[in-house]
Amino acid sequence: MLGYSDAEPNAYMYSSIPCSVSRPRSCRHIAGAVCMGTGMVTLALLSLVFPRSQSVQPQAVLLTEEHPVPSGRVVALSQPALQRIPLKKLGRTARTESLELGSERSNALAELSATQVAHWERDALFEGSGEKIEHDQMPTVSLKDFQDAQYYGDITLGTPPQTFSVVFDTGSSNLWVPSTQCKGFNLACFLHNRYSSARSSTYMRDGSPVSIKYGSGQMDGFVSYDTLTVGGITIPNATFAEAVREPGLSFIVSKFDGILGLGYPSISVDGLTPVFQSMVELGILPAPEFSFWLSKDPAQTPGGMLILGGSDPSYYEGDLHFVQVSRKAYWQFDIGGVTLGDKVMVSGGSAIADTGTSLLLGPTEDIHRIVEALGISSQPSSTGNEGQGQYMVPCDQVSSLPPLAFEINGRAFELRGEEYILTLQGFGQTTCTLGLMAMDVPPPAGPLWILGDVFLSKWYTLFDFGLNRVGFAPAVKSPPSQQTFSSLRREC
């Protein structure tokens, strides 16, 4: 689902709903039966029959833009060590209106962000109120992987702590959770964990209204402050939004409670301070960086990992290959082009790395060209019209499909046919769907490609605020602990 705020058309949300509990991991966006032809997302609601007792809770991804935190607010580390945050996968689409970042305010905030981090050196000690974490002690958050479509992990708010599952989203910059002050018949709120200010001794009232519009409704809430803990890092008086009204059915069926944005401050709705900016201002991280490893096997534990303060070589192979950020809003960079086999499909262009989007999204004209080259242009799936939905592919032809590659800073990052085709199993049938979808992002941000989980699950990704760059390396297939156990079994 796409949305935007009245103040700045830079926030949107998308969620995909699983069609079957038995659906395989490769069925990310397909599971959500996404259709973006009219700027709205059509979702299959079969998961509504899943009882909450089976831990199949509603999940949705909200992409929003937050504002910078007040200068007086700092963060403190409750555990002076590197920690990992397990992530859970969520299916969702890319932002359309949120990518329209052309206002003077957005540009000014982007420049402000650039000046704030320009002085940071990779190994410099930051001045702050907390103890600096060493590179071998980086905080982490374990993520859960739901059908390779939704990746989410836990955070806590308040004292005593109240736990919420959130999507760690590089395509937005706001923190948002449901509130106990939900209004009216709000199933999305009542079916998820809700924040209660009355239960927290560290809550501070703000009350400023926050509103984000969507194609099928509107999310309304208000600003609050409270103690936030992410991966063992505690941020006193963190800024976040309490949602009292959520749009449509997408949030009802989402598995996560809220969103924690990791984009640049320039896309933060109402200028609220992003969580990662608060961490950096405290000066306890080894570097102003974070990275993701996303599993391609929902049965694995963890299903993903968010690493705060740098990268962990045990989750990738070889060296990271970097590209400079071209627009400090989303994590946007230039690409040399897109190839299908030995054919050039696209020359030049721009892309963003978006952990909150499941599929690969590209300009309609480019997607049409690729679909036609694959010989499936006349077979759009039921999720949308030709060129605007997803396309069915005969499963027996997947292994013979040519590789799809994106040229990033002189190097080709390739996906094999089975890596950009999603396989869905349910009701005794197996279907295969193209993991690409058309979406046109208007200038000045667009046109561009959105590299979602289909791409990022193969390539470990580092997001570097200090040097304004993104790094990619081949991701390992299993988390380090599982690799060790597997090796021991082979030796025995």
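Here, residues in each chain are numbered from 1, in the same order as that chain's written sequence. With the structure being a predicted model, the display of local features is reserved for residues of pLDDT at least 70 and the display and counting of side-chain atom pairs for 80 or more, all residues being used for whole-chain, interface and lining totals. The side-chain figures draw on all heavy atoms in the structure; neither hydrogens nor water molecules are used.

**Student:** Whenever I open this one, the overall build of the protein confuses me. Can you help?
**Tutor:** A run of H or I in DSSP counts as a helix once it spans at least four residues, and a run of E counts as a strand once it spans at least two, with each numbered from the N terminus. Secondary structure assignment for the protein yields eight helices and 31 strands. Every residue pair with non-hydrogen atoms within 4.5 Å of one another is taken to be in contact. A fraction of 76% describes how many contacts in the protein between residues 6 or more apart in sequence connect residues 24 or more apart. Here the accessible surface of atoms and residues is derived via Shrake-Rupley with a 1.4 Å probe, and residues count as covered only by protein chains that are part of the display. A total of about 17,500 Å² of accessible surface is found on the protein, and carbon and sulfur atoms cover 51% of it.

**Student:** Please clarify how the state of the cysteines should be interpreted in this entry.
**Tutor:** A covalent bond bridging the sulfur atoms of two cysteines is what the word disulfide describes. Working definition: a disulfide is two cysteine sulfur atoms within 2.5 Å of each other. The final tally for this structure, using the stated rule, is two disulfides. Cys395 shares a disulfide with Cys432; S-S distance 2.1 Å. The sign of the S-S torsion, about 115°, decides the handedness of the disulfide formed by Cys395 and Cys432: right-handed. Of the two residues, Cys395 is situated in the loop between strand 23 (392-393) and strand 24 (404-408) and Cys432 in strand 27 (residues 429-434); the sequence distance between them amounts to 37 residues.

**Student:** Which parts of the structure should I look at to understand the sheet that holds strand 22 (residues 360-362)?
**Tutor:** Strand pairing in a sheet relies on backbone hydrogen bonds. The paired strands run either parallel or antiparallel. An order of 17-18-21-29-22-28 is seen for the six strands of this open sheet, with the pairing classed as mixed. What marks the edges here is a single partner per strand, and that holds for strand 17 (327-328) and strand 28 (436-438). Relative to strand 28, strand 22 is paired through three bridges, and the arrangement is parallel. Paired with Leu360 across the bridge in strand 28 is Leu436. This element, helix 5 (residues 364-374), spans strand 22, strand 28 and strand 29 (449-451) of the sheet and lies at about 135° to strand 28. Criterion used throughout: strands pair if DSSP finds at least two bridges between them. An axis is simply a line fitted to the C-alpha atoms; with a helix, the fit covers only the stretch in contact. Between two such axes, the angle follows the N-to-C directions and lies from 0 to 180 degrees.

**Student:** Please clarify how the sheet that holds strand 25 (residues 411-415) should be interpreted in this entry.
**Tutor:** Strand order across the open sheet formed by four strands is 20-19-24-25, with antiparallel pairing between neighbours. Bordering the open sheet on either side are strand 20 (343-347) and strand 25, each of which pairs with just one other strand. Across the sheet, the mean angle from the axis of one strand to that of its neighbour is 25°, orientation sign disregarded. Direction of pairing for strand 19 (residues 337-340) relative to strand 24: antiparallel, over a ladder of four bridges. Residue Thr339 lies in a different strand from strand 24, and its bridge partner there is Ala405. Across the sheet, helix 5 is in contact with strand 19, strand 20 and strand 24; its angle to strand 20 comes to roughly 170°.

**Student:** How do you make sense of the pairing of strand 13 (residues 258-261) when you look at a structure like this?
**Tutor:** Look at any regular strand and the pattern is simple: side chains alternate between the two faces of the sheet. Accessibility here uses a 1.4 Å probe with only protein chains present; expressed as a share of the type maximum, an area under 20% marks a residue as buried, one over 50% as exposed, and anything in between as partly exposed. Neither face of strand 13 is left uncovered, since the one carrying Gly258 and Leu260 and the one carrying Ile259 and Gly261 both have all their residues buried. Looking at chain direction, strand 8 (residues 162-169) and strand 13 are connected through four bridges and run parallel. Across the sheet, residue Phe168 finds its bridge partner in strand 13, namely Leu260. Examined bridge by bridge, strand 9 (residues 175-178) and strand 13 share two bridges and lie antiparallel to one another. Along strand 13, the bridge assignment pairs Leu175 with Leu260.

Function cannot be read off these values alone, since they describe shape.
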